[in-house]
Amino acid sequence: MLHAKNKVENKHIFIESTLPKFLTAVRQKTLQNEIVFKGIGLHTGNKVSMKIFPASENTGIVFRRMIGNKTILIKADYKNVKSTKLCTVLSDSNGNSVSTVEHILSALYALEIDNVFIELNSNEIPVYDGSARDFVKKIKEIGVEEQESFKKYIKIKKNIEVKSGNKYVRVCPFDNTLISTEINYDHKLIGKQSISIMLTPQIYESQICSARTFGFLRDVDNLRKNGLALGGSLDNAIVLDENNVLNKSGLRFSDEFVRHKLLDFIGDISLSGYRILGSFFSSHPGHEINNQLLKKIFQSPNNWDLICSN
């Protein structure tokens, strides 16, 4: 059994665990039934209806939109990333897109779900409270079903890193999925924060999925002039002025900010299409550099092996 506990030292949080051995004969998973989500898009402000359907083995995660009488399919794949400005946007070759995919992808990846269709009546995922908590809750309520085919994994063979200004990401060989993240903001309520977790469904649910996206009051007008954060509010994001958190309920964790960055990171690396066995480290991560790391991993077959769990 996996045991986890928190240690808090100078805002530096480690989630320690006994290391699980790599499991053999792990089967692919889908949902037992469809799930319906309704809400608004964080950036568009559009009302969104989203349904997640079970899919057959080896389908992967596929977004489905009806545009007129045409069904548009966009696979959750790092090669389909069109934009990384404040969110991850996927697009097909004709420019049809779906945005802010990182939270739902993070939940599916962390809960080890391999195959689903995500159907939308709009071009953005509903934001709910700015975290992945509602997605995790409904997925657990509906249940997960094992399939006949076995999971495939990407096993990292060598150290791979990407640098861009003060942003840095790295992945090293490791037999499981370990993720470490650090941030440093010039704001007294954030400052330096770091976290390290072994990615398991249990740790994700208890420590990561409820961490909300965040932003600064000083940026709101400029974002909206540029057509962003049109659906943003205190109901779906942590908002800070120069001195305070404006949300009446306050923070869910003292380091909720770095936990959300880790949540986003998981959603972005899920676009590899496989579970990655490796030790990740990111400093000041963002959607663009997360995507660059995946591109660099797959630049050469010498960087990785594709292995089957059977």
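A quick note: this is a predicted structure, and the numbers were derived from the prediction, not measured. (Residues numbered from 1 in each chain as written. Predicted model: local features only at pLDDT ≥ 70, side-chain atom pairs only at ≥ 80, totals over all residues. Heavy atoms only, no water.)

Chemist: Explain the packing of helix H5 (residues 256–269) against helix H6 (residues 287–297) to me, please; I cannot follow it from the model alone.
Modeler: For any two helices packed against each other, one specifies the inter-axial angle together with the distance between the axes. It is at 9 Å that the axes of H5 and H6 come closest, and there the two elements cross at 40°. Here H5 is positioned oblique relative to H6, judged by the angle of their axes. For the element pair H5 and H6, the recorded crossing hand is right-handed. For the pair formed by H5 and H6, the contact residues are Asp264, Phe265, Asp268 and Ile269 on the first element and His287, Asn290, Leu293 and Leu294 on the second. (Axes fitted to C-alpha atoms, helices over the stretch in contact; angles between N-to-C directions. Helix = DSSP H or I, 4+ residues; strand = E, 2+ residues; numbered from the N terminus. Parallel < 35°, antiparallel > 145°, perpendicular 65-115°, else oblique. Left-handed = near helix turned anticlockwise from the far one by under 90°. Contact = heavy atoms within 4.5 Å.)

Chemist: So what exactly am I meant to see when it comes to the side chain of Arg212 here?
Modeler: For Arg212, the position within the fold is in the loop between helix H3 (201–208) and strand E18 (214–216). Arg212 sits in the buried class, given a relative accessible area of 5%. With sequence-adjacent residues up to four places away left out, Arg212 is seen in contact with Asp129, Gly130, Ser131, Ile238, Asn247, Ser249, Gly250, Leu251, Arg252, Glu256 and His260. (Buried < 20%, exposed > 50% of the residue type's maximum accessible area, 1.4 Å probe, protein only.)

Chemist: Any chance you could explain the sheet that holds strand E6 (residues 61–67) here in plain terms?
Modeler: Sheets are built from strands that pair by backbone hydrogen bonding, the pairs being arranged parallel or antiparallel. Pairing is mixed in the open sheet, where five strands are placed in the order E4-E5-E11-E6-E7. Only two strands of the sheet have a single partner each, and these edge strands are strand E4 (35–40) and strand E7 (70–75). Here the average twist between neighbouring strands, direction ignored, is 25°. Looking at chain direction, E6 and strand E11 (residues 116–120) are connected through five bridges and run parallel. Paired with Arg65 across the strands is Leu120, a residue of E11. (Pairing = 2+ DSSP bridges.)

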